[in-house]
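Below, each chain spelled out in residue letters.
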Amino acid sequence: MLTNIKVAAPVKNNWQAGGIFIAAALLVFNLTSIEVSACDYYCLRDAAYDRPRDIHRLCVIGKGKDPEAREIHQRLAGWLEKSGKDLNLNLSLIDVEDPKINWHDYGLPSTPPPPFPATILVEHKTIENKSWFIEFWLPEPKAADLERMKTSPVREVIRREVGKHIAVLLYSRGTDQNTGQGRKVLEAVVKNWADKEQVGLTVIEINRADERERLFLPFVGLKPTGPDWVSVIFGRGKFMLPLEGEEITEEILNEHIELLMGECTCLQSPMTLGIDILSTWNEADEKAVIPLLEADNNTEAAVATSRPADIVDSPIGRRAYSRTIWTLAVIAIIVCLATMVLIRQRNRSIS
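Trainee: Would you mind going over the overall build of the chain with me for this structure?
Mentor: Secondary structure summary: the chain contains 12 helices and 10 strands in total. Looking at the chain as a whole, 44% of its 351 residues qualify as buried. Counted over contacts in the chain with a minimum sequence separation of 6, partners at least 24 positions apart contribute 72%. Carbon and sulfur atoms provide 57% of the accessible area of the chain, an area that totals close to 19400 Å².

Trainee: Would you mind going over helix α3 (residues 67–82) with me for this structure?
Mentor: Turn by turn, an α-helix covers 3.6 residues, leaving residues three or four places apart pointing in a common direction. Between the first and last C-alpha of α3 there are 23 Å, a value that for 16 residues agrees with the 22 Å anticipated at 1.5 Å per step. In this fold, the buried residues of α3 make contact with β1 (56–62), β2 (89–95), β3 (118–125) and α4 (143–150).

Trainee: Got a minute to help me understand the layout of surface pockets in this structure?
Mentor: Here the idea is plain: a probe the size of a water molecule rolls over the atoms and shows the empty space left. Taken as a whole, the largest pocket holds about 380 Å³ of empty space. Mapped by element, the contributors of at least two residues to the lining of the largest pocket are β3, β4 (130–137), α7 (217–220) and β9 (243–244). Residues of the lining of the largest pocket, tallied by class, amount to 14 nonpolar, three polar and five charged.

Trainee: In this structure, what is going on with the sheet that holds β2? I would like to understand it.
Mentor: Hydrogen bonds between backbone groups are what pair the strands of a sheet, and the pairing can be parallel or antiparallel. Taken in spatial order, the four strands make up an open sheet running β2-β1-β3-β4, and their pairing is mixed. The open sheet terminates on both sides in strands that have one partner only, identified here as β2 and β4. Each adjacent strand pair in this sheet contributes to an overall mean axis angle of 25 degrees, direction not counted. Where β3 lies against β4, seven bridges are found, and the strand directions are antiparallel. What sits directly across from Leu121, in β4, is Glu135.

Trainee: Mind showing me how you'd approach the environment of Thr280 here?
Mentor: Tracing the chain through its elements places Thr280 in the loop between β10 (275–276) and α9 (283–287). Ignoring sequence-local partners within four residues, the contact set of Thr280 consists of Arg53, Asp86, Leu87, Lys150, Glu156, Arg159 and Asp285. A polar side-chain atom of Thr280 sits 3.4 Å from a polar atom in the side chain of Arg159.

Trainee: For this particular structure, what's the right way to read the environment of Val157?
Mentor: In this structure, Val157 sits in helix α5 (residues 153–161). Given a relative accessible area of 25%, Val157 falls into the partly exposed group. Sequence spacing of Val157 and Ile204 is 47 residues, and the spatial spacing of their C-alpha atoms is 7.7 Å.

Trainee: How should I be thinking about unusual backbone geometry in this particular structure?
Mentor: Excluding glycine, most residues fall at negative phi; most peptide bonds, likewise, are trans. At the junction of Phe116 and Pro117, the peptide bond is cis and its omega measures out at 5 degrees in the coordinates. On the secondary structure map, Pro117 appears in the loop between β2 and β3. Residue Pro139 is bonded to the preceding Leu138 through a cis peptide linkage, with omega at -5 degrees. If you trace the backbone, Pro139 turns up in the loop between β4 and α4. Not every positive phi belongs to a glycine, and Asn129 is a case in point at roughly 50 degrees. Within the element layout of this structure, Asn129 appears in the loop between β3 and β4.

About the criteria used
- Residues numbered from 1 in each chain as written.
- Predicted model: local features only at pLDDT ≥ 70, side-chain atom pairs only at ≥ 80, totals over all residues.
- Heavy atoms only, no water.
- Helix = DSSP H or I, 4+ residues; strand = E, 2+ residues; numbered from the N terminus.
- Buried < 20%, exposed > 50% of the residue type's maximum accessible area, 1.4 Å probe, protein only.
- Contact = heavy atoms within 4.5 Å.
- Areas by Shrake-Rupley, 256 points an atom, 1.4 Å probe, with all protein chains shown as cover.
- Expected span 1.5 Å × (residues − 1).
- 1 Å grid on protein atoms, 1.4 Å probe; cavity = no way out; pocket = protein on both sides within 12 Å on 5 of 7 lines; lining within 4 Å.
- Points joined across faces, edges and corners; volume = space filled by probe spheres on them.
- Nonpolar A, V, L, I, M, F, W, Y, C, P; charged D, E, K, R; others polar.
- Pairing = 2+ DSSP bridges.
- Axes fitted to C-alpha atoms, helices over the stretch in contact; angles between N-to-C directions.
- Polar contact = N/O pair within 3.5 Å; in protein donor to acceptor, adjacent residues only side chain to side chain.

Listed below in structure tokens is the structure:
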């Protein structure tokens, strides 16, 4: 019976087992690489400065090869290249007779009615590919309209302050009987975070009746009338879903800020938390940003100087701990599978 045992079988088994182990190594490497490359930042707030802004749309709508529409487009292109170069705004020329145009991409329910040419401003959220109509002009925006499009008093304050803090709380008093109550909540939240983080929070108040903010107010969804209103703004001007009236509580606002302090991953990105306001942002603004924790070196230093319990409880520690557990689990599964293959092949060769 011994003479019937094939010598080549163990070699084949070894090759099969080796192939399995190589596949396992590649799988584990890919899993860990994806996890590491997902985000090198400690928190969503800091990661927001490493992500592209939402690009809004300024569209000139004409009929066919209307020369007037093309002239308007050319003038606006010159303005955007010089005065509006730091705006997150894209200019396009649209033929209203083009049957391929999907008007929902421009925040319109259907083909706009004449007269033409016309110019529209559209808010756009990149990650969801959604658009909202903001304003229109016949046939084009005037100099004062372009200036309001480019900047406003509140946007300038946001641009100056947002990089110095975890976030800014944009607040507007309501027009109902409970007006001003939200301000007390904001003050308590600001005080709470001042004790936790050196950069803390700051409050910026906006008047919903201010004509200078006429193009900015619809971008953040602030109506002319309504209860107290607040939105958390972070990064290069990304505003989170606003809270109104009774929604403005310390608990809910603290949850918003805690979210910004949370770990940035491929599943939880700052781009999912809101829409960037239409505003200028340049290299000087970028240099003025105060990071809560520097990428790479400071992240490693923070882990190295933490106590073991702190490391596991921190976002960095949870990521490392999770990655280790998953890696070990995958290796254990592969070892079991390889062992089963070897035993099965051995039994077959013996029989």
